Amino acid sequence: MDYDISELNCSVTIQSLAPTGEILKTKLFKNITLFLLRNEFRDIILKIDQGKTDVKYPLQDIKVFSRFVKDGKATIRIPSHKIQLLISNCPPAKLVLFIRTIGAKVEQLKQNGVATDRQRLRSNLPRRLEHISPLCQKDLDAVNRIREAQATAALKGRTPGLKRKRPLGDTTNNAQVDPVPRKKLHMSSTVSRLTQEQQAVLNAVQAGHNIFFTGSAGTGKSFLLRKVIGSLPPEHTFATASTGVAACHIGGTTLHSFAGIGSGTAAIQQCYELASRPGVRKQWRQCRHLIVDEVSMIDGDFFDKLEAVARAVRKSDKPFGGIQLILCGDFLQLPPVTKPGEKRRFCFQSRSWHKCIQASYELTQVKRQTDPTFINILQNIRVGRCPPAISTQLSATETHKIEREGIVATRLCTHKEDVNHINDVRLKELEGDTKAFEAHDSDPDLVKTINTLCPVEKNIQLKVGAQVMLAKNLDVQRGLVNGARGVVTGFQTSGAGLPIVKFLCGVTEPVKHERWTFKAAGGIFLTRRQLPIKLAWAISIHKSQGMSLDCVEMSLSRVFESGQAYVALSRARSLQGLRVLDFDAKCVRANPDVIQFYQRLRKQQRMMQASMDRYVDKENVQPTW
């Protein structure tokens, strides 16, 4: 399969450089297009379309700096022309492919060689410029062969036993450098394939439509949401979620923090005044694409106020002030939080919903679970059905022995207080000394804000034998993913004394510190550096959203919300890794208003599909003569 990335829309700052590397001149071009082309001699040409004019640079000797490519930024230096291009505000996913395409094509060009000046003068080839061919598996195989040959040559030329690296600035032949094998390129690392359902959602986003997409647990909503974020320009895209935990999963902030109107319970005029503060107003006006994850927990009244504030602050009568909305969530999971006696109003029941949302999509292909029996159980529980056969199957899990290799099941609890109590008691029961790990935060005055956004605590206390789980994807290929279970088997004796964790996936290794970065109110960035683990004897159902757990147990007797039992059960990867204590079918319930909403949504989807099928059939009708 090929991946065409010969064009790139972005902002570019062109800097002219002195021979010493100093910047002589800088010019910024906003919203321009870069093209990757080939000429008749197979040279790679970078064309910068500036509207009325364009400039072209051959890419033979380039240096690419891609440290911030995931933020939509990169630098391409072209020494032969003494310039460098600072690319910004580019959809990160496209920029990653663009940079990889340049790297692979230029690497092959260097290996194959370029035409000499004599060959160019004597050539009778017609002049032409065409888009560069898409990056394909053949290109990646060629680059990998080049890298293997370079690594082999470097090893052959290395003095055996010499490990000293060349000092900085040393260009003599006496110093040897240990060869570092360059990473192999794979098509899977170049692009992640989407299902047909997911691709339809991404196409609607790129077409500029206001959409809502939903699906049961494990259908890849968060995965798709990250792809959506990667397809949009960062400077005008704001990723938010109803909770700090969900916001952290997509690298965003809470919707309340973005909106700047507090809890949203104030009168509309006061909300408008709060949103008109300089820093908040700047965000509202800069925003062109607003992403909201876990929209099921957003109150309908709050959504209406947001829509009114957006129109007022942006001075536009268009729905939501002309901002493109991308909403994601499952209304059959956790609902908006309400106080006793308050009437619950879902987002789809707001006055603004039908005015703002142009299309809705439901993902149906479950990825988290593979067992058809378990998938069928979950699909019934999701809509509030629990026939005797399913009740019997779930009750039978009470006898499951799911502990192995010293790793016990994680207890899912409905209340946060129960989680803290269980983890504290079980940690104290362990023998040995407690080792504490303190987080390093970028702004100690905003610890409370960081705590709401970060999945790990400011202070983590561990002992040998502590049950833990990962709070971040470290190495998906090896099973070190968010929610992976393990047990602390010891601590390193040197350095920071990092915990050594034995994971259920079979990996045993020290867990190193990781960094989380969050975008808070006012556009400021906050960071926390901490171990990516937390105690896992117990975890709340609320905090488990988005996780996939290998061994989990739960008591659903204290379930108090519609959809809560489904959220808890759907965290398990398999029926064999699940233990349900004192199961009662009465805990399974779904909100009737939500059921009706999904029935209407599916009916609309069927009608839309039927209409598309009729259109396709009409287009394919053979003419009669």
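Remember, it's a predicted structure, so these values are computed and weren't measured experimentally.

About the criteria used
- Residues numbered from 1 in each chain as written.
- Predicted model: local features only at pLDDT ≥ 70, side-chain atom pairs only at ≥ 80, totals over all residues.
- Heavy atoms only, no water.
- Helix = DSSP H or I, 4+ residues; strand = E, 2+ residues; numbered from the N terminus.
- Buried < 20%, exposed > 50% of the residue type's maximum accessible area, 1.4 Å probe, protein only.
- Contact = heavy atoms within 4.5 Å.
- Areas by Shrake-Rupley, 256 points an atom, 1.4 Å probe, with all protein chains shown as cover.
- Lys, Arg positive; Asp, Glu negative; His and termini not counted.
- Charge placed at Lys NZ, Arg CZ, Asp CG, Glu CD.
- Pairing = 2+ DSSP bridges.
- Axes fitted to C-alpha atoms, helices over the stretch in contact; angles between N-to-C directions.
- Core = buried A, V, L, I, M, F, W, Y, C linked by side-chain atoms within 4.5 Å.
- Arc of directions from axis to C-beta.
- pLDDT = per-residue confidence, 0-100.
- Salt bridge = Lys/Arg side-chain N within 4 Å of Asp/Glu carboxyl O.
- Disulfide = S-S within 2.5 Å.
- Phe/Tyr/Trp six-rings, centres within 6.5 Å; stacked < 30°, edge-to-face > 60°.
- Lys NZ or Arg CZ within 6 Å of the ring centre and 35° of its normal.

(A) Seen up close, the overall build of the protein. Summing up its helical and strand segments, the protein has 18 helices and 28 strands in all. Across its three principal directions, the C-alpha atoms of the protein cover 85 × 75 × 60 Å. Of all 625 residues assigned to the protein, the portion counted as buried reaches 48%. Restricting the contact set of the protein to residue pairs at least 6 apart, pairs at least 24 apart contribute 69%. A total of about 32,400 Å² of accessible surface is found on the protein, and carbon and sulfur atoms cover 51% of it. Each charge class in the protein was averaged separately, 92 positive and 58 negative side chains, and the resulting centres sit 5 Å apart.

(B) Representation of the sheet that holds strand 27 (residues 552-555). Strand order in the open sheet formed by four strands is 26-15-27-28, and the pairing between neighbours is parallel. Both edges of this open sheet fall to strand 26 (538-540) and strand 28 (578-581), since each of them pairs with a single strand only. The mean inter-strand angle of the sheet, taken between neighbouring strand axes irrespective of direction, is 25°. Sheet topology places strand 15 (residues 410-413) next to strand 26; three bridges connect them, and they run parallel. Within strand 26, the residue paired with C413 across the bridge is S540.

(C) The nonpolar core, seen in detail. In this structure, F212, W284, L290, F320, L327, F331 and W353 are the most contacted members of the largest nonpolar core, which totals 38 residues. Of all the elements in the fold, those that place two or more residues in this core are helix 8 (255-259), helix 9 (268-275), helix 10 (278-286), strand 12 (289-293), helix 11 (300-314), strand 13 (324-328), helix 12 (353-356) and helix 18 (592-619). A per-element tally of this core places helix 11 first, with six residues. Once residues lying within four places of it in the same chain are set aside, the contact partners of W353 are F212, F303, L327, F331, C347, F348 and F597.

(D) Focus on the sheet that holds strand 20 (residues 485-491). With antiparallel pairing, five strands are arranged side by side in an open sheet as 22-21-20-19-25. One side of each edge strand has no neighbouring strand; the edge strands of this open sheet are strand 22 (508-510) and strand 25 (533-535). The sheet shows a mean angle of 40° between the axes of neighbouring strands, direction not considered. One ladder, built from three bridges, connects strand 19 (residues 467-470) with strand 25; its direction is antiparallel. Of the residues in strand 25, the one forming a bridge with V468 is L535.

(E) Highlighting helix 10. Turning to helix 10, its buried residues are V280, Q283 and W284. Around the axis of helix 10, the buried residues are gathered within 95° of arc, so they sit on the same side. Turned more than 90 degrees from where helix 10 packs its buried face, P278 and K282 sit exposed. Contacts from the buried residues of helix 10 go to strand 10 (237-241), helix 8, helix 9 and helix 11.

(F) Structural context of the confidence of the model for the protein. The predicted model of the protein has a mean per-residue pLDDT of 85, with 91% of residues at 70 or higher. Scored below 50 in pLDDT, residues 162-180 shows 21 contacts in the model against residues more than four places distant or in partner chains. Considering only residues more than four positions removed or in separate chains, one finds that residues 620-625, a stretch of pLDDT under 50, has zero contacts.

(G) Seen up close, the pairing of strand 9 (residues 211-215). Burial analysis of strand 9 places five of its five residues in the buried class, which makes it a mostly covered element. Relative to strand 13, strand 9 is paired through three bridges, and the arrangement is parallel. For I211, the partnering residue across the bridge sits in strand 13 and is I326. Of the pairings in the sheet, the one linking strand 9 to strand 14 (residues 359-363) comprises five bridges and is parallel in character. Residue G215 lies in a different strand from strand 14, and its bridge partner there is L363.

(H) Broad picture of the pattern of salt bridges. The final tally for this structure, using the stated rule, is 24 salt bridges. Two residues, R528 and D441, come together in a salt bridge whose shortest N-O distance is 2.8 Å. Placement of the pair is R528 in strand 24 (residues 525-530) and D441 in strand 17 (residues 440-441), with a sequence separation of 87 residues. The pair R528 / D441 is uniform in exposure class, with both members buried. A single network of salt bridges, built from pairs that share partners, joins D301, D304, R345 and R351.

(I) The pairing of strand 27, seen in detail. Side chains V552 and M554 of strand 27 all project onto a buried face; the interleaved residues E553 and S555 project onto the opposite face, where all are buried too. Looking at chain direction, strand 15 and strand 27 are connected through three bridges and run parallel. Looking at strand 27, one finds that T410 is bridged to V552. Pairing of strand 27 with strand 28, which is carried by four bridges, proceeds in the parallel orientation. By the bridge assignment for strand 28, E553 is matched with R579.

(J) Region of the structure containing the state of the cysteines. Inspection of the entire model under this criterion finds zero disulfides. In this model C356 remains outside any disulfide bridge; the closest cysteine sulfur is found in C347, 9.5 Å from its own. C551 carries a free sulfur, and the closest cysteine sulfur to it, the one in C505, is 12 Å from it. Since its relative accessible area comes to 2%, C551 is described here as buried.

(K) Main features of the environment of L274. Its place among the elements puts L274 in helix 9. Among the residues examined, L274 registers a relative accessible area of 27% and is labelled partly exposed. Setting aside its immediate chain neighbours within four residues, L274 contacts G260, I261 and V280.

(L) Inspection of the packing of aromatic side chains at higher detail. Overall, the coordinates contain 17 aromatic pairs when judged by the stated rule. For the pair F331 and F348, a centre-to-centre distance of 4.9 Å together with 85° between the ring planes defines the contact as edge-to-face. A residue pair is termed long-range when its members are at least 10 positions apart, and F331 in the loop between strand 13 and helix 12 and F348 in the loop between strand 13 and helix 12 qualify at 17 residues. Comparing F331 with F348, the two get one shared label, buried. Between F348 and F597, the aromatic rings sit 4.2 Å apart at their centres with planes inclined by 15°, giving stacked as the arrangement. Taken as a pair, F348 in the loop between strand 13 and helix 12 and F597 in helix 18 lie far apart in primary sequence, 249 residues in all. Put simply, the rings of F212, F238, F258, W284, F303, F320, F331, F346, F348, W353, F597 and Y598 touch in pairs and so form one group of aromatic residues. The side chain of K47 reaches across the aromatic face of F35, ending 4.9 Å from its centre.

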